[in-house]
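# Residue-level structure breakdown
Residue-level listing of the chains:
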Amino acid sequence: MPQATGLPTVVIVGRPNVGKSTLFNAILGQRKSITGDEPGITRDRIIGDAVHFNRPFQLIDTGGIVPEDAEWIPAQILKQARVALDVADQIIFLIDGRTEITSADRDLAQILRRLGKPVTLAVNKIDVAKRESLTTAFFELGFKDVLSVSAEHRLGLEELLDHVTRDFTEVEPEDPEEKAGKLRPIRVSIIGRPNVGKSTLLNAMVGGERAIVSPIAGTTRDSVDEHTIIDGREYVFVDTAGIRRKGKTHLMAEKLSVVMARRNIRMAHIALLVIDATEGPVGSDATIGGYAHEEGRALVICVNKWDLLPENKRKEFEQNIRDEFKFLDYAPIVFLSAKEKKGINSLFRHIATVYENFDKRVTTGELNRFVDMLKLERDRRIYFMTQPSVRPPTFVLFMDRGEALHFSTERQVINRIRKKFGFDGTPIVLKIKARRGPKDARA
């Protein structure tokens, strides 16, 4: 079963639109949370790993908290924040230094004081010297540690991190040779249309309420990461925002979330394409699967909500998928119910197998014996074949000339490679090399 990392945890909390995601990104040094002028952009809790002067820690960005708001989404944001606060070793309570203290600030301060955990009040948007005096007004909230910062301009971050991580354990930097030999985490991106059950699947896989789940399409906007250890190997599961067609995306936050979902596909090793069993495979599913295919990512097709359909429909449903997604014929299909946690063990087994194939290498000797059995177009001749890289498996065919193979011949070669060596779940890249240069193909 999945296990959590053992790093100390720093949690950023605050009401909406005070700059939590900007601070989170500034500390991590990368754009992981979506930032913008629309309040309430971050909804789930977002996790990243950070290091300050050899003191590693886990950083959590939470959604904007309005304690007394009875609406469903704000209530779930508060619920997610409470989960993060339960594991927090240090809390950064971020507040907007350019506004007066609000009732939401006071309510949240009261919640934090009750926790009995170390809280640092960070007064944000103090980006010029004349605003420093504004900080003193916030001592009224009852916290002894009050620091001014400007997350956008990266001012005061060193002092903030010095203070927050002062009791964290320092570790020796990893030896470059040891680091090179260490197995990297396997990144698994959960992709699909809005409201097909991606967040429910993430929760089922990691064994907890990690992401907000609701019947409201588009609830997930940021990509939600969860580090877990399965059978001694670290995995990073990434729940991405539901990808809509361009014409269906209007809000700035939704547009950014789609861009970041595409980016997370590119950064992943494996994509889990989630399909709603009650709706069947549709054109948008094929488009999203195509994104993973184009990026050369390994793929598992997950048919979610299968508990709502009769079991005798399985073969028919699988054939419909194969008919709709002909270009994804290498991807295994797993039928599951994320809500009921059925089929999750089978999915884990498929993920392990698919990654093994994604990282598989065939020796040149085996490939050249394979080439001897290949019959291509009459006017084309292949001399030998190598596999220069993996993730995805890439093969170079050294031929009499460098023009691309006819589509049918290309498919024939790839299918023969699969039949001989496996590679279920991963696209295969072919490169044709001759005097006039390489031509690429992926299938």
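The structure contained in this document is the topic of the report that follows. All values reported here derive from a predicted model rather than from experimental measurement.

### Structural notes on the overall build of the chain
Helices and strands together make up the secondary structure of the chain, namely twelve helices and 16 strands. The 443 residues of the chain split such that 54% are buried. Put simply, the chain shows about 21,100 Å² of open surface, and 49% of that area lies on carbon and sulfur atoms.

### Things to note about the sheet that holds strand β1 (residues 9–13)
If you walk across this open sheet you meet the six strands as β2-β3-β1-β4-β5-β6, and the pairing is mixed. One side of each edge strand has no neighbouring strand; the edge strands of this open sheet are β2 (46–52) and β6 (146–148). The mean angle between the axes of side-by-side strands here comes to 25°, regardless of whether they run parallel or antiparallel. Summarising the sheet, strand β5 (residues 119–124) and β6 pair through three bridges and their orientation is parallel. Bridged to leucine 121 within β6 is valine 146. Relative to strand β3 (residues 55–61), helix α1 (residues 20–28) is tilted by about 155°, and along the sheet it contacts β1, β2, β3 and β4 (90–96).

### Regarding the environment of lysine 341
For lysine 341, the location among the structural elements is in the loop between β12 (333–335) and α10 (344–358). Along the sequence, lysine 341 and asparagine 203 sit 138 residues apart, while their C-alpha atoms lie 9.3 Å from each other.

### Overview of the nonpolar core
Core analysis: the biggest nonpolar cluster contains 28 residues, and Leu201, Met205, Phe237, Ile270, Leu272, Leu347 and Ile351 have the highest contact counts within it. Counting only elements with at least two residues in this core, the list comes to β7 (186–192), α6 (198–206), β9 (233–239), β10 (270–276), β11 (298–304) and α10. Of all the elements, α10 adds the most residues to this core, at seven residues. In this structure, isoleucine 270 is in contact with Ile186, Arg187, Val188, Ser189, Ala298, Ile351, Val354 and Tyr355, ignoring residues within four places of it in sequence.

### Overview of the pattern of salt bridges
Per the stated rule, a full pass over the model turns up 14 salt bridges. In this structure, glutamate 311 and arginine 314 form a salt bridge, with 2.5 Å as the shortest nitrogen-oxygen distance. The partly exposed category is assigned to arginine 314, whose relative accessible area is 30%. A salt bridge links aspartate 359 to arginine 391; the nearest nitrogen and oxygen atoms lie 3.0 Å apart. With aspartate 359 in the loop between α10 and α11 (364–371) and arginine 391 in the loop between β13 (382–389) and β14 (394–399), the pair connects residues that are 32 residues apart, well separated along the chain. What makes aspartate 359 partly exposed here is its relative accessible area of 30%.

### Notes on the packing of aromatic side chains
Taken as a whole and judged by the stated rule, the model has ten aromatic pairs. Taken together, a centroid distance of 5.8 Å and an interplanar angle of 85° make the contact between phenylalanine 395 and phenylalanine 423 edge-to-face. With a gap of 28 residues between them, phenylalanine 395 in strand β14 and phenylalanine 423 in the loop between α12 (407–421) and β15 (429–433) connect regions that are remote in the sequence. Looking at phenylalanine 395, the relative accessible area reads 0%, which means it is buried. Residue phenylalanine 423 is classed as buried on the basis of its relative accessible area of 0%. Taken together, the aromatic side chains of Tyr235, Phe237 and Phe348 make up a single cluster linked through ring pairs. The ring of phenylalanine 143 is capped by arginine 113, whose NZ or CZ atom sits 5.9 Å from the centre of that ring. The lysine or arginine in question, lysine 360, covers the ring of phenylalanine 423, its NZ or CZ lying 4.9 Å from the ring centre.

### As for the pairing of β1
Burial runs high along β1: five of the five residues are buried. Covered by surrounding structure in β1 are Thr9, Val11 and Val13 together with Val10 and Ile12, the residues of both alternating faces. Where β1 lies against β3, four bridges are found, and the strand directions are parallel. Counterpart to isoleucine 12 in the pairing with β3 is aspartate 61. Sheet topology places β1 next to β4; four bridges connect them, and they run parallel. Bridge pairing links valine 11 to isoleucine 91 in β4.

### Observations concerning the environment of alanine 277
Turning to its location among the elements, alanine 277 is positioned in the loop between β10 and α8 (283–294). Overall, the relative accessible area of 3% leaves alanine 277 in the buried class. Sequence-wise, alanine 277 and tryptophan 306 are 29 residues apart; in three dimensions their C-alpha atoms are separated by 5.6 Å. Sequence-distant contacts of alanine 277, defined by excluding residues within four places in its chain, comprise Val303, Asn304, Lys305, Trp306, Leu309 and Phe317.

### Some points on α6
Of all nine residues in α6, eight are buried; the element is thus mostly enclosed. Every buried residue belonging to α6 is among Lys198, Ser199, Leu201, Leu202, Asn203, Ala204, Met205 and Val206, and all of these are buried. Looking one or two residues past α6, glycine 207 carries a phi angle of roughly 75°, positive in sign.

Parameters at a glance
Residues numbered from 1 in each chain as written. Predicted model: local features only at pLDDT ≥ 70, side-chain atom pairs only at ≥ 80, totals over all residues. Heavy atoms only, no water. Helix = DSSP H or I, 4+ residues; strand = E, 2+ residues; numbered from the N terminus. Buried < 20%, exposed > 50% of the residue type's maximum accessible area, 1.4 Å probe, protein only. Areas by Shrake-Rupley, 256 points an atom, 1.4 Å probe, with all protein chains shown as cover. Pairing = 2+ DSSP bridges. Axes fitted to C-alpha atoms, helices over the stretch in contact; angles between N-to-C directions. Contact = heavy atoms within 4.5 Å. Core = buried A, V, L, I, M, F, W, Y, C linked by side-chain atoms within 4.5 Å. Salt bridge = Lys/Arg side-chain N within 4 Å of Asp/Glu carboxyl O. Phe/Tyr/Trp six-rings, centres within 6.5 Å; stacked < 30°, edge-to-face > 60°. Lys NZ or Arg CZ within 6 Å of the ring centre and 35° of its normal.

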